[in-house]
Amino acid sequence: MAGNKPRVGSFSRNFTAASNTISQIPGLKHGPNGTMFLSSGILDLDKILGGGFTLGSLVMVMEDPEAPHHMLLIRNFMSQGLVHNQPLLYASPAKDPRGFLGTLPSPMFSKDEKSRDRDAEQEKGLRIAWQYKKYFEEQNSEFQRDEKSEYCNDFDLRKPLERHFYSGQQIDCIRLEDSADLTTFHDRCSSFLSQTPRNDRNITCPGRIAIQSLGAPQCDFADKECDMLSFVRSLKNTIRSSNAVAVITFPPSLFSPSFSKRLQHLADTLVSVKAIPDEDKELAKLLTGYQDMVGLLSVHKVARINTQVPTILEATTFSMKLQKRRSLILECLNQAPIDGSSGSSYASSGSCTGSSKTGALDF
Amino acid sequence: MDVQVPNLLDDALGGGGRVVLIEDCVETSGAFVLHHFLKRSLSPNSSDAVIFLSFSQPFSHYDRILRKMGCNLVVRRDNKRLLFFDLLMLNSLGREEEKTSEDLLLSLYEKVHKAVEICSSPARNITIIIDDVSLLEVAVNCLSNMVLDFLHYCYSLTAEFGCSLITLNHEDIYSSLDKSSLILQMEYHADVVIKAEPLSTGLATDVHGQLTVIDKGLGGGVCNSGKICNFQFRIKDNQIEYFYPGSRT
């Protein structure tokens, strides 16, 4: 997002007293058009989305059946909420959703690790021009801040979250298997969301809802597509009028294309994760850093609340890497330098060629 | 910038009593066309009225967007030029699905009919806008036949009262379904179909997509032949720019 600087005019926004308190609530920050942002728990994703997840929006993640990368997104999202003491509702088709809390990552202390200087270990001498964008990021200096007051923490995926973050907290864990139809689940979500209503007078702590694998085969309602649509639609509308963000992951490969498209249209922010095959020689030739990649993340839609202007990203597909096997970073795909000896040129897999029908006057 | 082009979109609504269908997809949202029509109908020069059935966004969303475009929806609502129905929470929860969905649609139609009657007492152009039909389907448990019936009743309103009907639906939901899908029926009944699609070359900051306007020319007047226009657009906060490909400076 280095190139997308908004134009600064001579007018400055006149913040009311109520909104000044927002800056004192950790984990919230102002967004454009009267919206507020919540951190996703992944620093790079926040940057890509322009600040984070918009409060009152519905985020949907399309899973890949071959790899559990959506869990990385859910884990970071939940951990961030717990670190900031935000109420959380977690639902999953697993037998023991509460146990999942023990696998959440712990925030890294910025004092111990310099997590941002990734390139220090890399080639210091020779800097290759086509990767220069990475080096621009280094100029954002890191200043020491208390971990609690940081908007987005860096999470160490190898270290589990300390108990005190999730014991005695307002955390609701729901087994999706238990809800034969979705009405009971929906009622629990509604009562959770009534804790974080939206009004202008006092800003309450924002809430987070994380629903993992909605429509997975273990759930009884998995074949009732219309019920699921009604549920997601009601949840979306309830969330809009409350101070919360919901992240729902679902497996599109198990659904009919029509149903999957309806869910995609319902989402405010839509993201998909894809697995990267191991030892793919073609991809290895095409991309740099292929060996470190665990998956690909594509951003299909970014929430447009209170505005009609679409967010055009510089790139829509990012590689997911585990830096030092600890923290999740998202990087733009970089095409490897074309080998002079081989004659043909490779299409960059980071390009965004859509496969829509050609218009009548297409050049 | 081509000055003719915006008139293409406006000419589509020209005579009143037209049915317009807006189609979009996940990659490119067609909601901005609704905002354009909303602003046009509520312009200060005329006394036209708009009946807005919203299934997807609350009033505050449209209010903020239209305010940046120079149209104050709150004032229009107070002046009874805009009748906004917030139908976000409309759904038929209940065991006897068919009965309650039917009642739901019937009561909704009655509300719309009454609203049209109220608005037509000082004679003026009335526009009914539905955003969007796929969510209306979800609200009635995906019984698309009932949605079709409801739309037929709305079409009859256009004939009876001379009002226009503008609906938005998502074309990619139905593209994998069998032939007699809801979108095909809606396309058949519409006088004008406006399709918002992404560029086949992908994303661009200056061009947000392309619009194809198919005017069937069924107005019965001078122009009986259909017209197809294709142009590109760029969406900004305060306006939408339309231009032919390559003609932007």
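What you are looking at is a predicted structure, and each value in this text was computed from that prediction instead of being measured.

1. As for the overall build of chain B
- Broken down by element type, chain B carries 9 helices and 9 strands.
- The burial tally for chain B puts 55% of its 249 residues in the buried class.
- For chain B, contacts bridging at least 24 residues in sequence account for 68% of all contacts bridging at least 6.
- With an accessible surface of roughly 10,600 Å², chain B has 51% of that area assigned to carbon and sulfur atoms.

2. Here we look at the packing of aromatic side chains
- All chains considered together, the criterion is met by 13 aromatic pairs over all chains.
- Put simply, the rings of B:Phe52, B:Phe59, B:Tyr62 and B:Phe84 pair up and form one aromatic cluster.
- The side chain of A:Arg208 reaches across the aromatic face of A:Phe77, ending 4.8 Å from its centre.

3. Quick word on the side chain of B:Thr212
Residues and elements named next belong to chain B.
- Secondary-structure assignment places Thr212 in strand E7 (residues 209–215).
- Judged by relative accessible area, which is 12%, Thr212 ranks as buried.
- In terms of polar contacts, Thr212 uses its side chain to reach the side chain of Asn230, at 3.1 Å.
- Leaving out residues up to four positions away in the same chain, Thr212 has contacts with Val193, Ile194, Lys195, Glu197, Ile228, Cys229 and Asn230.

4. Focus: the environment of A:Gln291
Residue and element names in this part refer to chain A.
- Here Gln291 lies in the loop between helix H10 (281–286) and strand E12 (293–301).
- Looking at Gln291, the relative accessible area reads 66%, which means it is exposed.
- Distance in space between the C-alpha atoms of Gln291 and Glu279 is 8.2 Å, their sequence separation being 12 residues.

5. Examining the interface of chain A and chain B
- Chain A puts 40 residues into the contact, and the matching count from chain B is 55 residues.
- Buried surface at the junction of chain A and chain B, summed over both partners, amounts to about 3,900 Å²; 54% is from carbon and sulfur atoms.
- In this assembly, chain A and chain B are joined by 2 salt bridges.
- The partner of A:Arg262 in a salt bridge is B:Glu137, and the shortest N-O contact between them spans 3.2 Å.
- Taken together, the links from chain A to chain B amount to 15 residue pairs in polar contact (both at pLDDT 80 or more).

6. Notes on the sheet that holds strand E4 (residues 58–62) of chain A
Residues and elements named next belong to chain A.
- Taken in spatial order, the 9 strands of this open sheet run E8-E5-E9-E10-E4-E11-E12-E13-E14, and their pairing is mixed. Two strands lie at the open edges of the sheet, namely strand E8 (171–175) and strand E14 (327–332), each paired on one side alone. Averaged over all neighbouring strand pairs, the angle between strand axes comes to 20 degrees, with direction disregarded.
- Relative to strand E10 (residues 244–250), E4 runs parallel, the two being bridged by 5 bridges. Within the sheet, the bridge partner assigned to Met62 lies in E10 and is Phe250.

7. Concerning helix H3 (residues 69–83) of chain A
Residues and elements named next belong to chain A.
- Here H3 spans 22 Å end to end across 15 residues, near enough to the 21 Å set by a 1.5 Å rise per residue.
- In terms of burial, H3 is a largely internal element, 14 of the 15 residues being buried.
- The first or second residue beyond H3 is Asn85, which carries a positive phi of 60 degrees.

8. A short note on the sheet that holds strand E2 (residues 36–38) of chain A
All names here are of chain A.
- If you trace the 3 strands from one edge of the open sheet to the other, you get E1-E2-E3, paired in antiparallel fashion. With one partner strand each, in any of the chains shown, strand E1 (28–30) and strand E3 (53–54) form the two edges of the open sheet.
- Across 2 bridges, E2 lies against E3 in antiparallel orientation. Residue pairing for E3: Phe37 is matched across the bridge by Thr54.

9. Overview of the environment of B:Met186
Residues and elements named next belong to chain B.
- Checked against the element boundaries, Met186 lands in helix H9 (residues 182–189).
- A relative accessible area of 1% places Met186 in the buried class.
- Measuring from C-alpha to C-alpha, the distance between Met186 and Leu148 comes to 8.2 Å, with 38 residues separating the pair along the chain.
- Those residues in contact with Met186 that sit more than four places away from it in its chain are Leu21, Val133, Leu151, Tyr155, Thr167 and Asn169.

10. Regarding the nonpolar core
- Grouped together as the largest cluster of nonpolar side chains are 77 residues, with contacts concentrated most on A:Phe185, A:Ile211, A:Leu235 and B:Phe150.
- Residue contacts for A:Phe185: discarding those within four places in its chain leaves A:Leu89, A:Ala91, A:Ile174, A:Leu176, A:Ser179, A:Ile211 and A:Phe231.
- Counting 45 residues, the second-largest nonpolar core is a separate cluster that includes A:Met36, A:Leu38, A:Phe53 and A:Tyr166.

11. Topic: the state of the cysteines
- Applying the stated criterion across every chain yields a total of 1 disulfide over all chains.
- With a sulfur-sulfur separation of 2.3 Å, A:Cys226 is cross-linked through a disulfide to B:Cys142. Taking the sign of the S-S torsion, about 100 degrees here, the bridge from A:Cys226 to B:Cys142 comes out right-handed. Of this pair, A:Cys226 sits in helix H8 (residues 225–240) while B:Cys142 sits in the loop between helix H6 (133–139) and helix H7 (144–161), on two different chains.

12. Points about the pairing of E7(B)
Residues and elements named next belong to chain B.
- Taking burial as the measure, the 7 residues of E7 include 6 buried ones, the bulk of the element.
- Note: strand E6 (residues 192–197) against E7, 6 bridges, orientation antiparallel. For Ile194, the partnering residue across the bridge sits in E7 and is Val213.
- Where E7 lies against strand E8 (residues 227–235), 7 bridges are found, and the strand directions are antiparallel. Paired with Leu211 across the strands is Phe231, a residue of E8.

13. Comments concerning the packing of H8(A) against helix H9 (residues 257–266) of chain A
All names here are of chain A.
- Between H8 and H9, the least distance of the axes is 10 Å, while the angle of their chain directions is 5 degrees. Put simply, H8 runs roughly parallel to H9. From H8, Glu225, Met228, Leu229, Val232, Arg233 and Lys236 reach across to H9, where they touch Phe259, Arg262, Leu263 and Leu266.

14. Focus: the side chain of A:Thr196
Residues and elements named next belong to chain A.
- Looking at the element boundaries, Thr196 is found in the loop between helix H7 (182–193) and strand E9 (207–211).
- Looking at Thr196, the relative accessible area reads 1%, which means it is buried.
- The residues contacting Thr196, other than those within four sequence positions of it, are Pro87, Thr204, Cys205, Pro206, Gly207, Ser242, Asn243 and Ala244.

15. Regarding H9(B)
All names here are of chain B.
- Taken as a whole, H9 has its buried residues at Leu182, Ile183 and Met186. Within H9, the buried residues cover an arc of 95 degrees as seen down the axis, which keeps them to one side.
- Turning to H9, the residues buried within the fold contact strand E1 (19–24), H6, H7, strand E5 (164–170) and helix H8 (171–174).

16. What about unusual backbone geometry?
All names here are of chain B.
- Look at the link from Asp131 to Asp132: it is a cis peptide, with omega at -15 degrees.
- The backbone of Lys80 sits at a positive phi, close to 65 degrees, despite the residue not being glycine.
- Here Lys80 lies in the loop between helix H4 (73–78) and strand E3 (82–86).

Cut-off values and rules
Residues numbered from 1 in each chain as written. Chains lettered and ligands numbered in written order. Predicted model: local features only at pLDDT ≥ 70, side-chain atom pairs only at ≥ 80, totals over all residues. Heavy atoms only, no water. Helix = DSSP H or I, 4+ residues; strand = E, 2+ residues; numbered from the N terminus. Buried < 20%, exposed > 50% of the residue type's maximum accessible area, 1.4 Å probe, protein only. Contact = heavy atoms within 4.5 Å. Areas by Shrake-Rupley, 256 points an atom, 1.4 Å probe, with all protein chains shown as cover. Phe/Tyr/Trp six-rings, centres within 6.5 Å; stacked < 30°, edge-to-face > 60°. Lys NZ or Arg CZ within 6 Å of the ring centre and 35° of its normal. Polar contact = N/O pair within 3.5 Å; in protein donor to acceptor, adjacent residues only side chain to side chain. Buried area = accessible area lost by both parts, 1.4 Å probe. Salt bridge = Lys/Arg side-chain N within 4 Å of Asp/Glu carboxyl O. Pairing = 2+ DSSP bridges. Axes fitted to C-alpha atoms, helices over the stretch in contact; angles between N-to-C directions. Expected span 1.5 Å × (residues − 1). Core = buried A, V, L, I, M, F, W, Y, C linked by side-chain atoms within 4.5 Å. Disulfide = S-S within 2.5 Å. Parallel < 35°, antiparallel > 145°, perpendicular 65-115°, else oblique. Arc of directions from axis to C-beta.

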